[in-house]
Amino acid sequence: MDLTPFDKSKFSTKGFIKRIEKPWGYELHFVPEGKPYMGKLEHLNAGSRVSLQIHDQKQETWFLMNGRGKIIWEDEHGNLIETEMQPGMVYSCSIGQKHRLAGITDCDIIEVST
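First things first, this report covers the structure right here in the doc. (Residues numbered from 1 in each chain as written. Predicted model: local features only at pLDDT ≥ 70, side-chain atom pairs only at ≥ 80, totals over all residues. Heavy atoms only, no water.)

1. As for the side chain of Q97
Now for step 1: As for its position among the elements, Q97 is in the loop between β7 (90-93) and β8 (99-103).
Now for step 2: Owing to a relative accessible area of 17%, Q97 belongs among the buried residues under this scheme.
Now for step 3: A polar atom in the side chain of Q97 sits 2.9 Å from the backbone nitrogen of S94.
Now for step 4: Once residues lying within four places of it in the same chain are set aside, the contact partners of Q97 are Q53, I54, W73, E74 and S92. (Helix = DSSP H or I, 4+ residues; strand = E, 2+ residues; numbered from the N terminus. Buried < 20%, exposed > 50% of the residue type's maximum accessible area, 1.4 Å probe, protein only. Polar contact = N/O pair within 3.5 Å; in protein donor to acceptor, adjacent residues only side chain to side chain. Contact = heavy atoms within 4.5 Å.)

Now the structure itself:
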């Protein structure tokens, strides 16, 4: 296999993490900017929630790492419902689906998105 077309000057072996403080807790971005995807850990404080969101292109998937968290999201009838996240389960929202995460207790949620 010929690997000469790859620009090796863009290869990086450095670690990366970016912490962003939020009113509801903080985010740890673990994918550097400029990639076609994002990965982050969202730490939500007990009783807090992120803003209600809707995306016309971005898709998100969540995994509860610890604590208790929930998703407030739009069902197929346009109603906002609450789903308590279960350990070991993965949840995804669709393009155009309203959603927000909330901390029942302090919790850590992994989010990956396009």
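2. A few points about the nonpolar core
Now for step 1: Core analysis: the biggest nonpolar cluster contains 13 residues, and L44, W62, I71, M85, L101 and I109 have the highest contact counts within it.
Now for step 2: Those elements that provide at least two residues to this core are β4 (60-66), β5 (69-74), β7 and β9 (107-113). (Core = buried A, V, L, I, M, F, W, Y, C linked by side-chain atoms within 4.5 Å.)

3. As for the sheet that holds strand β6 (residues 80-84)
Now for step 1: The sheet built from three strands is open, its strands ordered β6-β5-β8 with antiparallel pairing. The open sheet has two edge strands with one neighbour each: β6 and β8. Strand-to-strand, the axes of this sheet are offset by a mean angle of 25 degrees, without reference to chain direction. (Pairing = 2+ DSSP bridges. Axes fitted to C-alpha atoms, helices over the stretch in contact; angles between N-to-C directions.)

4. Description of the sheet that holds β4
Now for step 1: Taken in spatial order, the six strands of this open sheet run β1-β2-β3-β9-β4-β7, and their pairing is antiparallel. Of all the strands in the sheet, just β1 (18-22) and β7 have a single pairing partner and so form its edges. Between one strand axis and the next, the sheet turns by 25 degrees as a mean value, whatever way the strands run.

5. A short note on the pattern of salt bridges
Now for step 1: All chains considered together, the criterion is met by seven salt bridges.
Now for step 2: Salt-bridge contacts for R19 lead to E21; the nearest nitrogen and oxygen are separated by 2.5 Å.
Now for step 3: Residue E21 is classed as exposed on the basis of its relative accessible area, which comes to 53%.
Now for step 4: With a closest N to O distance of 2.8 Å, E84 and R68 form a salt bridge. With E84 in strand β6 and R68 in the loop between β4 and β5, this residue pair connects regions lying 16 residues apart in the sequence.
Now for step 5: A relative accessible area of 40% means that R68 is categorised as partly exposed.
Now for step 6: Among the ionic contacts, a cluster of salt bridges with common partners joins E27, K40 and E111. (Salt bridge = Lys/Arg side-chain N within 4 Å of Asp/Glu carboxyl O.)

6. Concerning the environment of I71
Now for step 1: Examined against the element boundaries, I71 turns out to sit in strand β5.
Now for step 2: Counting along the chain gives ten residues from I71 to I81, while the straight-line C-alpha distance between them is 8.1 Å.

7. Some thoughts on the pairing of β6
Now for step 1: Bridge count for β5 against β6 is five bridges, and the pairing is antiparallel. Within β6, the residue paired with E74 across the bridge is L80.
Now for step 2: Counting the residues in the hairpin turn of β5 and β6 gives five residues, including G78, whose phi is positive at 90 degrees.

So yeah, pure geometry; function would need other evidence.
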